[in-house]
Amino acid sequence: MGDLTKEFHRIFGDSREEAVAFFVPGRINIIGEHIDYNGGYVLPCTIKMGTSALIRKRGDSTARFASTNMSNLVEIPLGHVAYEAGHGWANYPKGIVRHMQLDGHTIPGFDILFSGDIPNGSGLSSSASIEVVTAKALNTVFSLGYEMIDLVQLAQKSENVFCGVNCGIMDQFAVGMGREDAAIYLHCDTLDFKYIPLNLGEYTFVVMNTHKRRELADSKYNERRGDCERALALLSKATPIKQLTGLAPDAFEEIAHTLPEETLRRRARHVVYENHRVKQAVQALEAGDMHALGQLLTQSHISLRDDYEVTGFELDTLVDAALQNPACIGARMTGAGFGGCAIALVEKGKVDAFKQTVAEAYEKVIGYAPGMY
């Protein structure tokens, strides 16, 4: 934190008030993609990359936001917190402030500096990480009395309402509630959850970054959510369900013909089967069956590619290169898709060779190298 503290004082100046440090990680989703907003099961876990924040109280009603990753400093009066496109990244922490105000809290002035090592637009939850670290920092320094689960829900609401991204709760929940060496088996409708030990045996996850940015708000994310809502409205006439994830695969196949559009059938098929794959993945983890887990990852990617259509050329190229490597027993995109990252389940002793071979294969097709974590 030494370098971050120096940068804080360089940007905001010195003060008798001490700056307080906070950290929130990013996440990968092991399996269960595009399920959170469909009210089903997901299986995320945190990663070592994340967002640090230093916050210091001010003596007025002004908030200033800065980041070591961005050049612009954003200053706002706390009496008028509104979304402004020109503020870019700062709208995420601003949204947290606004929704705390809407909860009835008076937020005094503060300076806050962020620093993160999650690649922007990578699909590793940089937005959720900055939201939750802001919420955690404000809650602590101003003694607002929220529990972490409250902060997680507030962060999701902020992204939905203030930033206009219709995300589910998985990202905020994962980065706020995550534990080391564990995945979270989360039911996104009820928020019932349990921690699943991540005992991968002789395997480990490699995170692979396409380096193709995906802007969630500008992608077809909201379009896919709309497809699911339309499919649910039609299917619920045939059987009493509140969510697509309320259907088991066999039950879905019996009524799939009631969907008049092939596109809606494919969207719903992905959701139903992906939700089932999460349950199977938990069973595989608990049984220590890594090959079964790997097969489920690959099935998930195929479904996201063919039925949900959210992968794209770069992600498909990266996953194909991984699956062609004998050290890899399963791979899939992770996150919303349309670029961003994929994960691969790889033999621990062969990770370096895997990374080199896959990077070379990807660069040969795409023209630039992927990131490997």
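*Asks:* Just to check I follow, could you spell out the packing of aromatic side chains for this structure?
*Replies:* Describing an aromatic ring pair means giving the distance of the ring centres and the angle of the ring planes. Counted according to the given criterion, the structure contains 10 aromatic pairs. Where Phe65 meets Phe110, the ring centres are 5.6 Å apart and the plane angle is 90°; that geometry is what we call edge-to-face. Taken together, the residues span a long stretch of sequence, with Phe65 in strand S4 (residues 62-67) and Phe110 in strand S6 (residues 110-116) at a distance of 45 residues. Neither Phe65 nor Phe110 differs from the other in exposure class; each is buried. These aromatic residues form a ring-pair network of at least three members: Phe65, Phe110 and Phe142.

*Asks:* Where do I start with the pairing of strand S8 (residues 193-197) in this structure?
*Replies:* Residues in a regular strand project their side chains so that they alternate between the two faces of the sheet. Looking at chain direction, strand S7 (residues 182-187) and S8 are connected through five bridges and run antiparallel. Bridging across to S8, Ile184 finds its partner in Tyr195. Taking the residues that link successive antiparallel strands as the turn, the S7-S8 hairpin has five residues, and the phi of Leu191 there is positive, at about 65°.

*Asks:* Help me understand the nonpolar core, please; the structure alone is not making it clear to me.
*Replies:* Soluble globular proteins: nonpolar side chains tend toward being buried together. By size, the foremost hydrophobic cluster in this structure holds 56 residues, and its most contacted members are Met208, Leu235, Leu244, Phe252, Ala344, Val346 and Phe354. Examining the composition of this core, we find that six residues originate from one element, helix H11 (residues 351-366), more than from any other. Of all hydrophobic cores here, the second largest spans 36 residues; its members include Val81, Met100, Ile107 and Ala155.

The rules behind each value
- Residues numbered from 1 in each chain as written.
- Predicted model: local features only at pLDDT ≥ 70, side-chain atom pairs only at ≥ 80, totals over all residues.
- Heavy atoms only, no water.
- Phe/Tyr/Trp six-rings, centres within 6.5 Å; stacked < 30°, edge-to-face > 60°.
- Helix = DSSP H or I, 4+ residues; strand = E, 2+ residues; numbered from the N terminus.
- Buried < 20%, exposed > 50% of the residue type's maximum accessible area, 1.4 Å probe, protein only.
- Pairing = 2+ DSSP bridges.
- Core = buried A, V, L, I, M, F, W, Y, C linked by side-chain atoms within 4.5 Å.

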